[in-house]
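Structure at a glance
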Amino acid sequence: MVWASGWKLASAVSNAGALGLIGSGSMKPDVLLEHIRKCKAATDKPFGVNVPLLYAEVEKHLDIIIKEKIRIVFTSAGNPATWTTVLKERGIIVVHVVSSSKFAKKAEDAGCDAVVAEGFEAGGHNGREETTTIVLTPAVCNNVKIPVISAGGIATGRQMFATMVLGAEGVQMGSRFVASEEASSHLQFKQAVVDATEGDTMLSLKQIVPVRMIKNTFFQEIQKAEAGGASKEELIQLLGKGRAKKGMFEGNLDDGELEIGQSSILIKDILPAAKIVQQIWAEFAESLSQPLHKM
Ligand SMILES: Cc1cc2nc3c(=O)[nH]c(=O)nc-3n(C[C@H](O)[C@H](O)[C@H](O)COP(=O)(O)O)c2cc1C
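This structure is a prediction, so every number in the text was calculated from the model and none was measured.

What counts, and where the lines are drawn
- Residues numbered from 1 in each chain as written.
- Predicted model: local features only at pLDDT ≥ 70, side-chain atom pairs only at ≥ 80, totals over all residues.
- Heavy atoms only, no water.
- Buried < 20%, exposed > 50% of the residue type's maximum accessible area, 1.4 Å probe, protein only.
- Helix = DSSP H or I, 4+ residues; strand = E, 2+ residues; numbered from the N terminus.
- Arc of directions from axis to C-beta.
- Near = heavy atom within 4 Å.
- Polar contact = N/O pair within 3.5 Å; in protein donor to acceptor, adjacent residues only side chain to side chain.
- Areas by Shrake-Rupley, 256 points an atom, 1.4 Å probe, with all protein chains shown as cover.
- Nonpolar A, V, L, I, M, F, W, Y, C, P; charged D, E, K, R; others polar.
- Pairing = 2+ DSSP bridges.
- Right-handed = clockwise from strand over helix to strand, strands pointing away.

A separate point is helix 10 (residues 217-227). Residues of helix 10 that are buried: Phe218, Phe219 and Ile222. Mapping the buried residues of helix 10 onto a view down its axis gives an arc of 100 degrees, with all of them on the same face. Within helix 10, the exposed residues directed more than 90 degrees away from the buried face are Lys224 and Ala227. Directly beyond the C-terminal end of helix 10, a positive phi value near 85 degrees is found at glycine 229.

Shown next, in the form of structure tokens:
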């Protein structure tokens, strides 16, 4: 996750027994290299790097990833056909993030080892189709043979269990780990995640790149511009540069872009990442033994 998943969070998650990912989308190449090296020093467990393929310096990032012998890459926001073969030839496991069963098939055809089926509830960039996780997960499972990792709206072990009933073999969680002690996000943003209530997030910027974010002043400005018939170019101008950094990293809760998912309503505390992983496993195990909750 941009402005959240640096080496501290990735290594803490991996050390706790899940798979930590470094979010390279907000990093310059030299910063990514530093995070990879620090992550290696902080864990001897596997970890991966997420690479949004639309990122301008994607080639430099992939070069570093290959040289540093990273074993697992999650790609998103772009065409998996462009880079998957290059990475696979170097023995790297490639997982691509998709928002539809059509894109999932494309990822499978491109040679990806697995897909993340990310539904409408998810924080950050999202699909235009608005397919919810509960529908998308089985739809993708029906359309591909490779393993499916479910994402979007999942913040608890019982939800993880539910996605496995739907056919997923794993889950990817974002928002829950923004509200972790190790996330590099600003404390005020983490607190805003904890404070969020139902209806506080919405998918916005659908004309440019759809993003689920908190409905703050910046969000209202976009809504107003869109209602007034703003063109794509005018919206890009309004978005300007550095909005995500301003909101999530610098803690400007009014004028910054605050990417977070619907699951924020389930997040009640900022915890160490290891504690979050532990809670999720405990709840998952409880769900296995008592699948019909409260019945
Ligand atoms: C703050 C934030 C930043 C994110 N940045 C990225 C990113 O750089 N690349 C990516 O593939 N997904 C990104 N995501 C999506 C997450 O990887 C994950 O798929 C999503 O958060 C899952 O849904 P959830 O938020 O409901 O847990 C981001 C999500 C959040 C909340």
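Lining the immediate environment of the ligand, one finds 18 residues, of which Ser76, Glu118, Gly153, Gln172 and Ser175 sit closest. With respect to the ligand, the backbone of valine 2 contributes an N or O atom lying 3.1 Å from a nitrogen atom. Between a nitrogen atom of the ligand and a side-chain N or O atom of asparagine 50, the distance comes to 2.8 Å. Here the ligand has 600 Å² of accessible area as a free molecule, and 94% of this is covered by the chains. Residues that form the shell around the ligand fall into these classes: 7 nonpolar, 9 polar and 2 charged.

What follows deals with the pairing of strand 5 (residues 114-118). By the criterion of burial, strand 5 is predominantly enclosed, with 5 of the 5 residues buried. By the alternation rule, side chains of strand 5 split into Ala114, Val116 and Glu118 and Val115 and Ala117, which are all buried. Bridging between strand 4 (residues 93-98) and strand 5 involves 4 bridges; their strand directions are parallel. Counted as the bridge partner of valine 95 is alanine 114 from strand 5. Taking the sense of rotation as the criterion, the β-α-β connection linking strand 4, helix 5 (residues 101-109) and strand 5 turns out right-handed. For strand 5 and strand 7 (residues 148-151), the ladder comprises 4 bridges, and the chain directions are parallel. Bridged to glutamate 118 within strand 7 is alanine 151.

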